[in-house]
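# Understanding the architecture of this molecule
Next come the chains, spelled out residue by residue.
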Amino acid sequence: MLPDEMNVVEISGPGGPETMVPARRPVPVPGPGEVLLRVVAAGVNGPDLLQRKGVYPPPPGASDLPGLEVAGEVVALGQDDGGGRWTEGDRVVALTDGGGYAEFVAVNAHHCLPVPKGLDPVDAAGLPETYFTVWSNVFLGRDLPKGTNFLVQGGAGGIGSTAVQLGAAFGLEVYATAGGEEDCAFVKQLGARRAIDYRTEDYVAVVKEAGGADIVLDILGGSHMARHMKACRHDARIVSLAFREGSRMELDLMPMMLKRLTLTGSTLRSRPDAFKAAVARDLQARVWPLFEDGTLRTVTHEVFALAQAAEAHRKMEAGEHRGKVLLAP
């Protein structure tokens, strides 16, 4: 028997972490093609912070509650629940369109993946958002040759720690920036060939000495875009996933022409359901086995109680975390 209501954390209005407030909501009913999950943990991600500030609204039809990834137990099935793939009691992780900061969430059945064997479901809650994002932007549909030089900005964070591990697992030469000796050591443990302390080193010089970057995973924007172009070798890609230093800049595009660079980027939340389902299938086939054999691992920094979502957001904004910050109802 499911309860009629559940505990959630909602955004009372645009602003700081103090706008994250506990509340009660009706338990959602799974629609066609959906499953209802009892949430064991939810990931806290950069888009959640942007939504709280009022600059990243949920897409039409999505829950207004933050939370783009969860792990949980299937407790109810909607009609056409993914072709009978899931049954009640299954433990899964899921990419959501929102609604993860709650005790229950209805999700697209095709956006779910089994919790990899041997992983704690709480830790697994931090997988979907970053793995869907990095995989779809860097690896999906591409046969990257071993030895490809891969520059990852913010290697100790959620996106960065995922990118470092995936790059190393698929034979890329990973150069990752981090701040300070401890974060650099952490990034090296994840598989980076070279950890670059951005406080004392010039990542452009380090990467150029290695021949230049073939792929840059950018979360900085701002003045770093010109530096990324300088760090690249010919025919490289610069993939922008966030703009911590701003999305507006004055930029000389001549290096793009001379080096035949590709500047690209994307957001995940607004992509079509069919695209996300394709990413899920590819991840299960090519990436999930690497958790089971120990090549990849979860990276959890801290788990907060659901009612402490404001504190979790403060932790994220301080930039002092390594890996993922999670909420547990």
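For the structure, check the block above.
Residues numbered from 1 in each chain as written. Predicted model: local features only at pLDDT ≥ 70, side-chain atom pairs only at ≥ 80, totals over all residues. Heavy atoms only, no water.

## Side note on the overall build of the protein chain
Within the protein chain one finds 11 helices and 15 strands. Over its C-alpha atoms the protein chain spans a radius of gyration of 20 Å, differing by no more than 12% from the 20 Å that the globule rule assigns to 329 residues. Taken along its principal axes, the extent of the C-alpha atoms in the protein chain is 60 × 40 × 35 Å. Evaluated residue by residue, the protein chain yields a buried proportion of 53% over its 329 residues. The contacts of the protein chain with a sequence gap of at least 6 include a subset with a gap of at least 24, amounting to 67%. (Helix = DSSP H or I, 4+ residues; strand = E, 2+ residues; numbered from the N terminus. Rg over C-alpha atoms; globule rule 2.2 N^0.38 Å. Buried < 20%, exposed > 50% of the residue type's maximum accessible area, 1.4 Å probe, protein only. Contact = heavy atoms within 4.5 Å.)

## Focus: unusual backbone geometry
Positive phi, close to 65 degrees, is recorded for D235, a residue that is not glycine. By secondary structure assignment, the location of D235 is in strand β12 (residues 232–240). Phi is positive for R260, which is not a glycine, with a value near 55 degrees. Examined against the element boundaries, R260 turns out to sit in the loop between α8 (254–259) and β13 (262–265). Among the residues examined, R260 registers a relative accessible area of 48% and is labelled partly exposed.

## A few points about the layout of surface pockets
By volume, the second largest pocket is sized at about 500 Å³. Taken together, 29 residues line the second largest pocket, and the ones lying closest to its centre are E34, G61, D97, A106 and V107. Breaking the lining of the second largest pocket down by element, the ones donating at least two residues are β2 (20–26) and β6 (104–108). Among the elements that make up the lining of the second largest pocket, the one with the highest residue count is β6 (5 residues). Looking at side-chain class alone, the lining of the second largest pocket contains 14 nonpolar, 10 polar and 5 charged residues. (1 Å grid on protein atoms, 1.4 Å probe; cavity = no way out; pocket = protein on both sides within 12 Å on 5 of 7 lines; lining within 4 Å. Points joined across faces, edges and corners; volume = space filled by probe spheres on them. Nonpolar A, V, L, I, M, F, W, Y, C, P; charged D, E, K, R; others polar.)

## Side note on the side chain of H224
Of note, H224 is situated in helix α7 (residues 224–231). Among all residues touching H224, those that are not within four sequence positions of it are Y203 and E245.

## As for the nonpolar core
Ranked by size, the top nonpolar core spans 48 residues in total, and within it F139, F150, L166, V187, L283 and V287 carry the most contacts. Per element, the largest residue contribution to this core is 6 residues, and it comes from helix α3 (residues 128–139). Those residues in contact with F150 that lie beyond four places of it in its chain are V138, A163, G167, L172, E173, V174, Y175, I215 and L217. One finds V206, M225, A236 and L261 within the second-largest nonpolar core, a separate group that totals 16 residues. (Core = buried A, V, L, I, M, F, W, Y, C linked by side-chain atoms within 4.5 Å.)

## Things to note about the packing of α3 against helix α4 (residues 158–169)
Between two packed helices, both the angle of their axes relative to each other and the distance between the axes serve to describe the pair. Where α3 meets α4, the closest approach of the two axes is 9 Å, and the angle between their N-to-C directions is 55 degrees. For the element pair α3 / α4, the angle class is oblique. Between α3 and α4 lies a crossing whose hand is right-handed. Here α3 contributes T130, Y131, T133, V134, W135 and F139 to the contact with α4, which in turn contributes G158, I159, T162, A163, Q165, L166 and G167. (Axes fitted to C-alpha atoms, helices over the stretch in contact; angles between N-to-C directions. Parallel < 35°, antiparallel > 145°, perpendicular 65-115°, else oblique. Left-handed = near helix turned anticlockwise from the far one by under 90°.)

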